[in-house]
Amino acid sequence: MSRKIRFSKESQSSLNDFFVHRSPEQPKSKAEENLPAGILSAFRTDVGKVRANNQDAPIVSEKLRLYGVADGMGGHKGGEVASTSARDDLLRELEGKTPSVAALSGAIEEVNRQIGMGTTLSVLWMSDNFVYIGHVGDSRVYLLRDGEFKQMTLDHSLVEQLVREGVLTEEEAQNHPMRNIITRAIGTDESVEVDVVVEERRKGDRRDGYGKNRYDERQDNGRGQYGKNRRNDRYGKGDKFDKR
């Protein structure tokens, strides 16, 4: 089961401006002009209302066509170090490699062995024709298509598991006192199971990623039916993905 959010054309236009950091009247920046053909990337991060330091590590590599976020686990020592280490190690592991399920999952597994501290990791790795989504933890990747958001990753969290088992409703999960407990993360165990989703690239796609504090505020709880190394439906013109 998944819940979708529909946007009006006006809201969708405002959303586009939000992600590219400019008003419709502003010309493209030099950085935007240097992006690979057909790709525009941007990120925003916020320390939130609880912690004094920002534990989000945006992942943006135009060279590798790799985009995503690592969100350090606030209850673990060195959450901001864990997220930046995961980002830097992943970039190094993927250097010179061709996008594939094996290469992405193998690189994330190697990052898990290296860092030894807790963080989530959700990334998009683009080839000419496909998008490879690698995911561990409770950050999220969304697809924005025809004015609707659809969650493309499955939260590795206790409340998500309880919702799937029918113990909690989605409404109960939103305010559950254990909603921040995650069941899978980078750097907390010797090995990790990586969810990898493969999608065909289409003109107009948007992929967005959220760290924990952003989608808690949204409380959309859209839930995709996606698991490890699964090939999903094809998407059409105008599709956009969101990774948060």
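Residues numbered from 1 in each chain as written. Predicted model: local features only at pLDDT ≥ 70, side-chain atom pairs only at ≥ 80, totals over all residues. Heavy atoms only, no water.

A. A look at the overall build of the protein chain. A tally of regular secondary structure across the protein chain gives seven helices and 11 strands. Within the protein chain, counting contacts between residues at least 6 apart in sequence, those at least 24 apart form 72% of the total. About 12,200 Å² of surface is accessible on the protein chain, with carbon and sulfur atoms providing 46% of the total. (Helix = DSSP H or I, 4+ residues; strand = E, 2+ residues; numbered from the N terminus. Contact = heavy atoms within 4.5 Å. Areas by Shrake-Rupley, 256 points an atom, 1.4 Å probe, with all protein chains shown as cover.)

B. Up close: the pattern of salt bridges. Scanning all chains against the criterion turns up nine salt bridges. A salt bridge links Lys63 to Glu95; the nearest nitrogen and oxygen atoms lie 2.7 Å apart. One end of the pair, Lys63, is in the loop between β2 (56-61) and β3 (66-71); the other, Glu95, is in the loop between α3 (79-94) and α4 (101-115), and 32 residues separate them in sequence. For Lys63, a relative accessible area of 67% corresponds to the exposed category. Put simply, Asp88 and Arg87 hold a salt bridge, and the shortest N to O gap is 3.0 Å. (Salt bridge = Lys/Arg side-chain N within 4 Å of Asp/Glu carboxyl O. Buried < 20%, exposed > 50% of the residue type's maximum accessible area, 1.4 Å probe, protein only.)

C. Local environment of the confidence of the model for the protein chain. Counting all residues, the mean pLDDT for the protein chain is 76, and 64% of those residues have values of 70 or more. Within the protein chain, no element has a lower average pLDDT than strand β10 (residues 230-231), which sits at 38, and none a higher one than α4, at 97. Segment residues 213-240: pLDDT under 50, and 113 contacts once partners within four positions in sequence are set aside and those in other chains are kept. (pLDDT = per-residue confidence, 0-100.)

D. Here's a closer look at the packing of α3 against α4. Packing of α3 against α4 leaves a shortest axis separation of 9 Å and a crossing angle of 135 degrees. Judged by the angle between their axes, α3 and α4 are oblique. α4 is crossed by α3, and the crossing has right-handed handedness. Across the interface between the two elements, Ala82, Ser85, Ala86, Asp89, Leu90, Arg92, Glu93 and Leu94 of α3 pack against Ala103, Leu104, Ala107, Ile108, Glu110, Val111, Gln114 and Ile115 of α4. (Axes fitted to C-alpha atoms, helices over the stretch in contact; angles between N-to-C directions. Parallel < 35°, antiparallel > 145°, perpendicular 65-115°, else oblique. Left-handed = near helix turned anticlockwise from the far one by under 90°.)

E. Region of the structure containing the nonpolar core. Counting 24 residues, the largest nonpolar core has Leu90 and Ile108 as the members making the most contacts within it. Counting only elements with at least two residues in this core, the list comes to β2, β3, α3, α4, β4 (121-126), β5 (130-136) and β8 (195-200). The element best represented in this core is α4, accounting for six residues. Beyond its immediate stretch of four places on either side in the chain, Leu90 contacts Leu66, Ala107, Ile108, Val111, Leu121 and Val123. With 10 residues, the next largest nonpolar core counts Val131, Ile133, Leu143 and Val197 among its residues. (Core = buried A, V, L, I, M, F, W, Y, C linked by side-chain atoms within 4.5 Å.)

F. Summary view of α3. Between its terminal C-alpha atoms α3 stretches 23 Å, which fits the 22 Å expected from 16 residues at 1.5 Å a residue. Looking at α3, one finds that the buried residues are Gly79, Ala82, Ser83, Ala86, Asp89, Leu90, Glu93 and Leu94. Projected down its long axis, α3 carries its buried residues within an arc of 140 degrees, all on one side. Residues of α3 that are buried sit in contact with β2, β3, α4 and β4. Where α3 terminates, the next one or two residues include Gly96, which has phi positive at roughly 80 degrees. (Expected span 1.5 Å × (residues − 1). Arc of directions from axis to C-beta.)

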